[in-house]
Amino acid sequence: MSTARRHTALPKAEILIEALPWLTRHNGKIVVIKFGGNAMIDEDLKAAFAQDVVFLRQAGLRPVVVHGGGPQINAQLDKQGLVSEFKAGLRVTTPEAMDVVRMVLAGQVQRELVGLLNQHGPLAVGMTGEDAHTITATKHTPQIEGEAVDIGRVGEITAIDTGAIEALLADGRIPVISSIARSADDGHVYNVNADTAAAALAAALGAETLMVLTDVEGLYADWPSSDEVISRLTVSELEKLLPELSSGMVPKMEGCLHAVRGGVSTARVIDGRVQHSILLEIFTDEGIGTMVVPDAQGGDSA
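The present account deals with the structure reproduced in this document. Remember, it's a predicted structure, so these values are computed and weren't measured experimentally.

Cut-offs applied
- Residue indices begin from 1 for each chain and proceed along its sequence in written order.
- For a predicted model such as this one, the threshold for reporting local features is a pLDDT of at least 70, and the threshold for listing and counting side-chain atom pairs is 80 or more; totals across whole chains, interfaces and linings nevertheless cover every residue.
- Derived side-chain values reflect all non-hydrogen atoms in the structure, with water molecules and hydrogen atoms excluded from consideration.
- Only strands that DSSP links by at least two bridges are regarded as paired with each other.
- A run of H or I in DSSP becomes a helix once it reaches four residues, and a run of E becomes a strand once it reaches two; helices and strands are each numbered from the N terminus.
- Angles run from 0 to 180 degrees between N-to-C directions of axes, and those axes are lines fitted to C-alpha atoms, restricted for helices to the stretch in contact.
- We call two residues in contact whenever any of their non-hydrogen atoms come within 4.5 Å of each other.
- To sort residues, take the accessible area from a 1.4 Å probe on protein chains only and compare it with the maximum for the residue type: under 20% means buried, over 50% means exposed, and anything in between is partly exposed.
- The arc in question is traced by the directions running from the helix axis to the C-beta atoms.
- Identification of polar contacts relies on pairs of N or O atoms within 3.5 Å, with a donor-acceptor requirement for protein atoms, meaning one able to donate a hydrogen and the other able to accept it, and with residues adjacent in sequence counted only if both atoms are side-chain atoms.
- Stacked, edge-to-face and tilted are the three classes for Phe, Tyr and Trp ring pairs, Trp counted by its six-membered ring, which pair at centre distances within 6.5 Å; planes under 30 degrees apart are stacked, over 60 edge-to-face, the rest tilted.

**Re the sheet that holds strand S17 (residues 266-271)**
In step 1: Across the sheet, which stays open at both edges, the eight strands sit in the order S5-S10-S2-S1-S13-S17-S18-S16 with mixed pairing between neighbours. Only two strands of the sheet have a single neighbouring strand rather than two, namely strand S5 (124-128) and strand S16 (232-234). Taken over all neighbouring pairs, the strand axes of this sheet differ in orientation by 20° on average, direction set aside.
In step 2: Pairing between strand S1 (residues 30-35) and strand S2 (residues 62-67): six bridges, direction parallel. Bridging from a neighbouring strand, Lys34 pairs with Val66 of S2.
In step 3: Taken strand by strand, helix H7 (residues 194-205) contacts S1, S2, strand S10 (174-178) and strand S13 (209-214), and its axis lies near 175° from that of S1.

Put into structure tokens, the structure is as follows:
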């Protein structure tokens, strides 16, 4: 009887032992995770995401979560009768729309995520880029056909102050950060792309890894002709590919590029539609997304 019990439990022990080299390697390291896409909407994926982040924290890593909230913002703007207009792929954010963005990100999406994480203990603390000047921005004015275009309260990051985040990490907490920032120029609050914010924070924190959850399997080698995912590539290889990427992937891959150029060891785009994708990416050989590494490490386009 005791022998049979030992055998049925053995696969669990083997899985834990398989994770040992990764646990050793990542112990004490900061991991910045951009929470977005389908994982933000699907209840089961949300719960699995919270479990993964708490697991990282309990396994000795120091996770920091950064989130946006496009679908939730769209729903609230519709409810309030505010029209969404896009220019150069960016939402034109009027002062009225910015009030909605701030309310949804800090008052709805962040609160829900903090609540999910705190089901597992007094761990998560919510904040925005405004708090303790964590993210400072200036007005972003994109060029369309050579002309500067006003798109309202859309921000470009000018400075990062990691003091508040580092204090929370030192206290064993999990910071959950909404990607909005205040401007030092005009005092207004700006909406900042969450992929860009996560990358800037990862570089400023000296994170070991940036992980960006998305709704695809990773970066495709030759989309739409092929759905083969590039599992690993260097920053130089990524730079060459950037002009050919679909608009949705550009801020994610630019963020990965910025993070690794800024000293982050690896940046990964992973499929947030897969339950426990974070654990699969960090603790197994099989990695399930696209990993960007510094040039010195060599790439693999296979």
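**Observations concerning helix H6 (residues 163-170)**
In step 1: Within H6, the full set of buried residues consists of Ile165, Leu168 and Leu169. Buried residues of H6, viewed axially, fall in a sector of 100°; they line one side.
In step 2: Packed against the buried residues of H6 are S1, S2, S5, S10 and H7.

**A closer look at the side chain of Gln110**
In step 1: Along the polypeptide, Gln110 turns up in helix H5 (residues 95-117).
In step 2: Using a relative accessible area of 4% as the deciding quantity, one classes Gln110 as buried.
In step 3: There is a polar contact of 2.9 Å between the side chain of Gln110 and the side chain of Ser178.
In step 4: The contact partners of Gln110, leaving out residues within four places of it in the chain, are His67, Leu105, Gly126, Met127, Thr128, Val176 and Ser178.

**Observations regarding the pairing of S10**
Along any regular strand, the residues point their side chains to alternate faces of the sheet.
In step 1: For S10, a buried count of five out of five residues is recorded, marking the element as mostly surrounded by other parts of the structure.
In step 2: The pairing of S2 with S10 spans three bridges and is classified as parallel. Each bridged residue has a counterpart across the sheet, and for Val66 the counterpart in S10 is Ile177.
In step 3: Pairing of S5 with S10, which is carried by five bridges, proceeds in the parallel orientation.

**Structural notes on the environment of Ile157**
In step 1: Residue placement: Ile157 occurs in strand S9 (residues 155-160).
In step 2: According to the relative accessible area criterion, Ile157 is partly exposed, its value standing at 23%.
In step 3: Between the C-alpha atom of Ile157 and that of Val264, which follows or precedes it by 107 residues, the distance is 18 Å.

**With respect to the packing of aromatic side chains**
In step 1: Across all of its chains, the model carries two aromatic pairs by this definition.
In step 2: Relative to Phe49, the ring of Phe35 lies with its centre 4.2 Å away and its plane at 25°, an arrangement referred to as stacked. Linking Phe35 in strand S1 with Phe49 in helix H3 (residues 43-58), this pair joins segments that are 14 residues apart in sequence.
In step 3: Judged by relative accessible area, Phe35 falls into the buried class, the value being 3%.
In step 4: Classification of Phe49 as buried rests on a relative accessible area of 3%.
In step 5: Aromatic side chains Phe55 and Phe283 sit 5.8 Å apart centroid to centroid with 70° between the ring planes, which places their arrangement in the edge-to-face category. Here Phe283 lies in helix H10 (residues 277-283) and Phe55 lies in helix H3, a separation of 228 residues in the sequence.

**Quick notes on the sheet that holds strand S11 (residues 180-183)**
Strand pairing in a sheet relies on backbone hydrogen bonds, with the paired strands running either antiparallel or parallel.
In step 1: The strand order across the open sheet built from four strands is S9-S6-S11-S12, with neighbouring strands paired in mixed fashion. Looking at the sheet topology across the chains shown, the edges are occupied by S9 and strand S12 (189-191). For this sheet, the mean angle separating the axes of adjacent strands, direction not counted, is 50°.
In step 2: The pairing of S11 with S12 spans three bridges and is classified as antiparallel. Residue Arg182 lies in a different strand from S12, and its bridge partner there is Val189.
In step 3: Along the sheet, H5 contacts S11 and S12; its crossing angle with S12, the most-contacted strand, is approximately 75°.

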